[in-house]
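What follows is the residue order along each chain.
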Amino acid sequence: MAMFLVYVILPIFESIWISLYDWDGLGEMKWIGLGNYVELWGDEAFYVSLWNNLLWLVLYLLALPAGLFVALFLNQTVFGIRLVKSLFFFPFVISQVVVGLIFSWFYAPNFGLFYKAIEAVTGDGIAILADDTIATYGIIAAGLWPQIAYCMILYLTGLNNINPEQIEAARMDGAKGWKMLWHIVLPQLRPATFIAMVVTVIGALRSFDLVSIMTDGGPFGSTRVLSFYMYEQALSEYGYRMGYGAAIAVVLFAIMMVFITVFIVRMLANERVR
């Protein structure tokens, strides 16, 4: 509790306090009240970052059904399945920086595998990360690769804890396929689904490293997300606006808290029903 207080709770309130100042991180702090938030209201780059975060959030949730599908596929006892599980889990083990570099090479014009494949099919390759209309989708696809692996592990753990007596009783009643999955398996996977959803939402909202590695916010600032824009304003060579960066962080924190609170309330409601 002491560690949580010092390293989580106090920095949250300190960030809120700093967001009420105009401060470069070293000099004198100038009180401006809600001035940073008023400036955010008219900041076009902020809205681009906010929209990209919402896009990340919606598309990142695809990791849940994809992870469940892979887990169901791997939840069998056949020769070599442990090796296959390891290969599917591998993306989550490696660093996000490495994932970003791999996909940057994958999308690279002239020699990237994706570029070459599109060129072979259509006759003209697509430079994903150089196109401001689709670059964000390319980065999200890179992020989904390890996120699906993480959701897969959570669902595999949940599948191992399913009550076999319920499965057998359902089979005796004629349940199979989709009915078995929907009425018997998924209800018992609710704890795994809750954890997977919370982690996925948090990962989508704090998606900094892939953006930094793959595009550095470009082209033309089209792939910025709130965490990266906060870094640009507060810590990069373009910024040193600690108060403005803190205001962006507070907005990001508020969005994150809304989603997590909704999940927790629904979980508590389900527990009471039980």
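Residues numbered from 1 in each chain as written. Predicted model: local features only at pLDDT ≥ 70, side-chain atom pairs only at ≥ 80, totals over all residues. Heavy atoms only, no water.

Undergrad: Run through the overall build of the protein, naming residues and quoting values.
TA: Check the secondary structure of the protein and you find 14 helices and two strands. For the C-alpha atoms alone, the extent of the protein along its principal axes is close to 75 × 60 × 30 Å. Each of the 274 residues in the protein was classed as buried or not, and the buried ones make up 40%. Here the analysis covers contacts within the protein between residues at least 6 apart in sequence; of these, 66% occur between residues at least 24 apart. When the accessible surface of the protein is totalled, it reaches about 16,300 Å², and 68% of it is carbon and sulfur. Computing the positive centroid from 14 side-chain charges and the negative centroid from 19, the protein places the two 17 Å apart. (Helix = DSSP H or I, 4+ residues; strand = E, 2+ residues; numbered from the N terminus. Buried < 20%, exposed > 50% of the residue type's maximum accessible area, 1.4 Å probe, protein only. Contact = heavy atoms within 4.5 Å. Areas by Shrake-Rupley, 256 points an atom, 1.4 Å probe, with all protein chains shown as cover. Lys, Arg positive; Asp, Glu negative; His and termini not counted. Charge placed at Lys NZ, Arg CZ, Asp CG, Glu CD.)

Undergrad: Tell me about the packing of aromatic side chains, and please be specific about residues and values.
TA: Counted according to the given criterion, the structure contains 17 aromatic pairs. Taken together through their ring pairs, the aromatic side chains of F103, F106, Y107, F114 and W145 make up a single cluster. Seen from the ring of Y244, R241 lies directly overhead, with NZ or CZ sitting 4.3 Å from the centre. (Phe/Tyr/Trp six-rings, centres within 6.5 Å; stacked < 30°, edge-to-face > 60°. Lys NZ or Arg CZ within 6 Å of the ring centre and 35° of its normal.)

Undergrad: Let's hear about the layout of surface pockets: which residues, and what values?
TA: Size it by volume and the largest pocket reaches roughly 480 Å³. Lining the largest pocket are 14 residues, and of these R190, T193, F194, R266 and N270 lie nearest its centre. Mapped by element, the contributors of at least two residues to the lining of the largest pocket are α10 (177–188), α11 (190–205) and α14 (242–273). Here the lining of the largest pocket is composed, by residue class, of eight nonpolar, two polar and four charged. (1 Å grid on protein atoms, 1.4 Å probe; cavity = no way out; pocket = protein on both sides within 12 Å on 5 of 7 lines; lining within 4 Å. Points joined across faces, edges and corners; volume = space filled by probe spheres on them. Nonpolar A, V, L, I, M, F, W, Y, C, P; charged D, E, K, R; others polar.)

Undergrad: I'd love a proper account of a nonpolar patch on the surface, names of residues and values included.
TA: Where nonpolar side chains cluster on the molecular surface, the patch consists of F90, V97, V98, L101, I102, W105, F111, W145 and I213 and spans about 810 Å² of accessible area. Considering each element in turn, the nonpolar patch owes the most residues, five residues, to helix α6 (residues 96–107). Counting through the fold element by element, I213 comes out in helix α12 (residues 209–214). Given the relative accessible area of 33%, I213 is considered partly exposed. (Patch = residues over 30% accessible without salt bridge, like charges linked within 9 Å, V, L, I, M, F, W, Y side chains within 5 Å. Salt bridge = Lys/Arg side-chain N within 4 Å of Asp/Glu carboxyl O.)

Undergrad: Explain the environment of V198 residue by residue, including any values.
TA: Position of V198 relative to the elements: it lies in helix α11. On the basis of relative accessibility, which here comes to 14%, the residue V198 falls in the buried class. Linking V198 and F263, residues 65 residues apart in sequence, is a C-alpha distance of 7.4 Å.

Undergrad: So, the packing of helix α3 (residues 44–60) against helix α8 (residues 135–160): which residues are in play, and what are the values?
TA: Running from amino to carboxyl end, α3 crosses α8 at an angle of 40°, the nearest separation of the two axes being 10 Å. If you check the angle between α3 and α8, you find them oblique. Classified by chirality, the crossing of α8 by α3 is right-handed. Contacts between α3 and α8 involve N52, L55, W56, L59 and Y60 on the former and, on the latter, T136, Y137, I139, I140, G143, L144 and Q147. (Axes fitted to C-alpha atoms, helices over the stretch in contact; angles between N-to-C directions. Parallel < 35°, antiparallel > 145°, perpendicular 65-115°, else oblique. Left-handed = near helix turned anticlockwise from the far one by under 90°.)

Undergrad: Tell me what's going on with the environment of L5, and back it up with residues and numbers.
TA: Within the secondary structure, L5 is located in helix α1 (residues 2–18). Judged by its relative accessible area of 43%, L5 is partly exposed. As a C-alpha pair, L5 and L62 span 57 residues in sequence and 34 Å in three-dimensional space. Apart from residues no more than four positions distant in its own chain, L5 is found in contact with L10 and P11.

Undergrad: Which residues make up the pattern of salt bridges, and what values do they have?
TA: One pass over the structure, following the stated rule, counts three salt bridges. Two residues, E39 and R241, come together in a salt bridge whose shortest N-O distance is 2.8 Å. Residue E39 is located in helix α2 (residues 35–41), and its partner R241 is located in the loop between α13 (226–234) and α14; the two are separated by 202 residues in the primary sequence. You can call R241 partly exposed: its relative accessible area is 28%. Across the pair E232 and R224 runs a salt bridge, and its minimum N-O distance is 2.6 Å.

Undergrad: Tell me about the nonpolar core, and name the residues and values.
TA: Judged by nonpolar contacts, the single largest core of 62 residues is most densely connected at W56, V185 and M214. Here the element with the most residues in this core is α8; it accounts for eleven residues. (Core = buried A, V, L, I, M, F, W, Y, C linked by side-chain atoms within 4.5 Å.)

Undergrad: Please set out the side chain of S207 residue by residue, giving values where relevant.
TA: With respect to the helices and strands, S207 occurs in the loop between α11 and α12. Of the polar contacts made by the side chain of S207, one reaches the backbone oxygen of A204; its length is 2.9 Å. Among all residues touching S207, those that are not within four sequence positions of it are N53, W56, V225 and S227. (Polar contact = N/O pair within 3.5 Å; in protein donor to acceptor, adjacent residues only side chain to side chain.)

Undergrad: Lay out helix α9 (residues 164–172) with the relevant residues and their values.
TA: Here α9 starts with a cap whose side-chain oxygen sits 2.9 Å from the backbone nitrogen of E165, and that cap is N163. G174 sits one or two positions beyond α9 and adopts a positive phi of about 95°.

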